[in-house]
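Here is what each chain is made of, one letter per residue.
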Amino acid sequence: MTKHRLFWPVVALVLLLLGNFAFSPAFFAIELREGHLYGSLIDILRFGAPLILVALGMTLVIATGGIDLSVGSVVAISAAIACLQISQLGDQNSIGGIAGAVGIALGLSLVLGAANGVLVAVLNIQPIVATLILMVAGRGLAQLITDGQIITINSQPYQAIGGGFVLTLPVSILIAVAVFVLSTLLVRKSALGMLLEAVGGNPEASRLAGVRSRRLIWLTYVVCGLFAGIAGLMISSNVSSADGNNAGLWIELDAILAVVIGGTALTGGRFSFAGTVIGALLIQTLSTTVYTLGIPPETTLLFKAVVVMAVCLVQSPAFRRKVIARRRKPKPASPARQDEKVEVSA
């Protein structure tokens, strides 16, 4: 069981949850208020939903041997353009107007993802360089859209995306679950998942076998941009505002960590959506733990880095083999034993 790639991430997540329970016995309490579920566990799922979406898109990109550093900027652009469109509506509660704003935001996210895919799959630019361009330029574009200000809106239908409830559950959780289920069915119940792993494992061999690797790589960046755009809608609707400078800041790093913790190799090949979700929940639980324990803000990133590094080390088979080998290192024979061996041999 310990050799399963999801074993150690699950153990780390359970230990974090138990640590929060030890510090606050009401941590696992879930109550029903006004027909809605509330509690720390619900909050972890709710605030972790955007990270889950971004990490799922990142998983597809990493599975092909790439990387996407621009998802944070796409989150900011999606939030900025949606809030800008809504702020210009005569009636901010208009369903048609909200649908149009959401459609424009998601359409732009698709275009940005497609642009990354063209740079990587068609022009053969290194993924880290190609997406770094949009990471920098996209953040500036988001600030141009918002004119360097925080756009505040007051739209009940839009707030439902990140802060609404359906059947007692937050809408953001339901969206994340739906995306996870559809993505899993698409890649595991068809040949798409095998083709992605083939492209990531050995691009040249897959090309010689007739796999259209460039089209698949381009498609993963498009999907990654779409998922980042949905996450941007969640984040901005939850706070009813768009901040081009801070929205989605560093979420790309959390997404990469979630993918790695979930057992997907950065070199490409085999990937796990379930592992990615566990990794995202682990990071969100870690953030909740930081606030629960009252750790100073200036040491938050260091605390997260130490915990994530510990999880990655424990998860590494090579590290575990070295530790176990060191513990099982045989003791040198005593002088008496050595003398006995010499006499027997004589």
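Residues numbered from 1 in each chain as written. Predicted model: local features only at pLDDT ≥ 70, side-chain atom pairs only at ≥ 80, totals over all residues. Heavy atoms only, no water.

### Details of the overall build of the chain
Stage number 1. A tally of regular secondary structure across the chain gives 15 helices and 6 strands.
Stage number 2. With respect to the three principal axes, the spread of C-alpha positions in the chain is 105 × 60 × 40 Å.
Stage number 3. Split into buried and exposed, the 346 residues of the chain put 45% on the buried side.
Stage number 4. A total accessible area of about 17,600 Å² is found for the chain, and carbon and sulfur atoms account for 67% of it. (Helix = DSSP H or I, 4+ residues; strand = E, 2+ residues; numbered from the N terminus. Buried < 20%, exposed > 50% of the residue type's maximum accessible area, 1.4 Å probe, protein only. Areas by Shrake-Rupley, 256 points an atom, 1.4 Å probe, with all protein chains shown as cover.)

### Considering the side chain of serine 183
Stage number 1. Checked against the element boundaries, serine 183 lands in helix H7 (residues 171-188).
Stage number 2. Overall, the relative accessible area of 9% leaves serine 183 in the buried class.
Stage number 3. Those residues within four positions of serine 183 in sequence are excluded, and the remaining contacts are Phe227 and Phe273. (Contact = heavy atoms within 4.5 Å.)

### Brief notes about the nonpolar core
Stage number 1. In this structure, Val54, Leu56, Met58, Tyr158, Leu233 and Leu282 are the most contacted members of the largest nonpolar core, which totals 82 residues.
Stage number 2. Looking at this core element by element, the count peaks at 13 residues for helix H2 (residues 40-63).
Stage number 3. Once you skip the residues sitting within four places of it in the chain, leucine 282 turns out to touch Ala12, Leu13, Leu16, Ile261 and Val311. (Core = buried A, V, L, I, M, F, W, Y, C linked by side-chain atoms within 4.5 Å.)

### Quick word on helix H1 (residues 7-23)
Stage number 1. Between the first and last C-alpha of H1 there are 25 Å, a value that for 17 residues agrees with the 24 Å anticipated at 1.5 Å per step.
Stage number 2. Residues Pro9, Ala12, Leu13, Leu16, Leu17 and Asn20 constitute the buried set of H1. The arc that holds the buried residues of H1, viewed along the axis, is 130°, so those residues lie on one side. Relative to its buried face, H1 has exposed residues pointing more than 90 degrees away, namely Leu15 and Ala22. (Expected span 1.5 Å × (residues − 1). Arc of directions from axis to C-beta.)

### Quick look at the pattern of salt bridges
Stage number 1. Applying the stated criterion to the full structure yields 2 salt bridges.
Stage number 2. One salt bridge connects arginine 33 with glutamate 31, and the closest N-O pair in it is separated by 2.8 Å.
Stage number 3. With relative accessibility at 44%, the residue arginine 33 sits in the partly exposed group.
Stage number 4. With its nearest N and O atoms 3.4 Å apart, the salt bridge here joins glutamate 197 to arginine 188. (Salt bridge = Lys/Arg side-chain N within 4 Å of Asp/Glu carboxyl O.)

### Considerations on the packing of aromatic side chains
Stage number 1. Evaluation of the coordinates by the stated rule reveals 5 aromatic pairs.
Stage number 2. Measuring from centroid to centroid gives 5.5 Å for phenylalanine 27 and phenylalanine 28, while their planes differ by 85°, and the two rings are edge-to-face.
Stage number 3. By relative accessible area, which is 33% here, phenylalanine 28 ends up partly exposed.
Stage number 4. Members of the aromatic cluster, connected to one another through ring pairs, are Phe21, Phe27 and Phe28.
Stage number 5. In this arrangement the basic side chain of arginine 188 is found over the ring face of phenylalanine 271, its NZ or CZ atom lying 4.4 Å from the centre. (Phe/Tyr/Trp six-rings, centres within 6.5 Å; stacked < 30°, edge-to-face > 60°. Lys NZ or Arg CZ within 6 Å of the ring centre and 35° of its normal.)

### Re a nonpolar patch on the surface
Stage number 1. Together, Val10, Val14, Leu15, Leu18, Phe21 and Phe28 make up a nonpolar patch on the protein surface, roughly 500 Å² of accessible area in all.
Stage number 2. Residue placement: leucine 18 occurs in helix H1. (Patch = residues over 30% accessible without salt bridge, like charges linked within 9 Å, V, L, I, M, F, W, Y side chains within 5 Å.)

### Points about the pairing of strand E1 (residues 30-33)
Stage number 1. Examined bridge by bridge, E1 and strand E2 (residues 36-39) share 4 bridges and lie antiparallel to one another. Following the sheet pairing, leucine 32 is matched in E2 by leucine 37.
Stage number 2. Where E1 folds back on E2, the antiparallel hairpin that results is connected by 2 residues, among which glutamate 34 adopts a positive phi of roughly 55°. (Pairing = 2+ DSSP bridges.)

### Overview of the confidence of the model for the chain
Stage number 1. On average, the chain scores 87 in pLDDT, and the residues at 70 or more come to 92%.
Stage number 2. Mean pLDDT across the elements of the chain bottoms out in helix H15 (residues 335-345) (50) and peaks in helix H3 (residues 71-87) (96).
Stage number 3. In the model, residues 340-346 has pLDDT below 50 throughout and makes 1 contact with residues more than four positions away in sequence or in other chains. (pLDDT = per-residue confidence, 0-100.)

### Here's the deal with the side chain of serine 78
Stage number 1. Assignment of secondary structure puts serine 78 in helix H3.
Stage number 2. Setting aside anything within four residues of it in sequence, one finds serine 78 in contact with Ala105, Ser109, Gly229, Gly232 and Leu233.

### Some points on unusual backbone geometry
Stage number 1. A positive phi angle, close to 60°, is found at aspartate 147, a residue other than glycine.
Stage number 2. If you trace the backbone, aspartate 147 turns up in the loop between helix H5 (127-145) and strand E3 (150-152).
Stage number 3. Look at aspartate 147 and you get exposed, because its relative accessible area is 62%.
Stage number 4. At serine 240, a residue that is not glycine, the phi angle is positive and equals roughly 55°.

### Notes on the layout of surface pockets
Stage number 1. Looking at the largest pocket, its volume works out to about 1,100 Å³.
Stage number 2. Around the largest pocket sit 35 residues that line it, and Leu249, Asp254, Gln284, Ser287 and Tyr291 are the ones nearest its centre.
Stage number 3. Those elements giving two or more residues to the lining of the largest pocket turn out to be H2, helix H10 (213-239), strand E6 (241-243), helix H11 (251-261), helix H12 (273-293) and helix H13 (300-315).
Stage number 4. Class assignment of the residues belonging to the lining of the largest pocket gives a composition of 20 nonpolar, 10 polar and 5 charged.
Stage number 5. Here the second largest pocket is characterised by a volume of approximately 390 Å³.
Stage number 6. Contributions of two or more residues to the lining of the second largest pocket are made by helix H4 (95-122), helix H9 (203-208) and H10.
Stage number 7. The element best represented in the lining of the second largest pocket is H10, accounting for 4 residues.
Stage number 8. By residue class, the composition of the lining of the second largest pocket is 8 nonpolar, 6 polar and 3 charged. (1 Å grid on protein atoms, 1.4 Å probe; cavity = no way out; pocket = protein on both sides within 12 Å on 5 of 7 lines; lining within 4 Å. Points joined across faces, edges and corners; volume = space filled by probe spheres on them. Nonpolar A, V, L, I, M, F, W, Y, C, P; charged D, E, K, R; others polar.)

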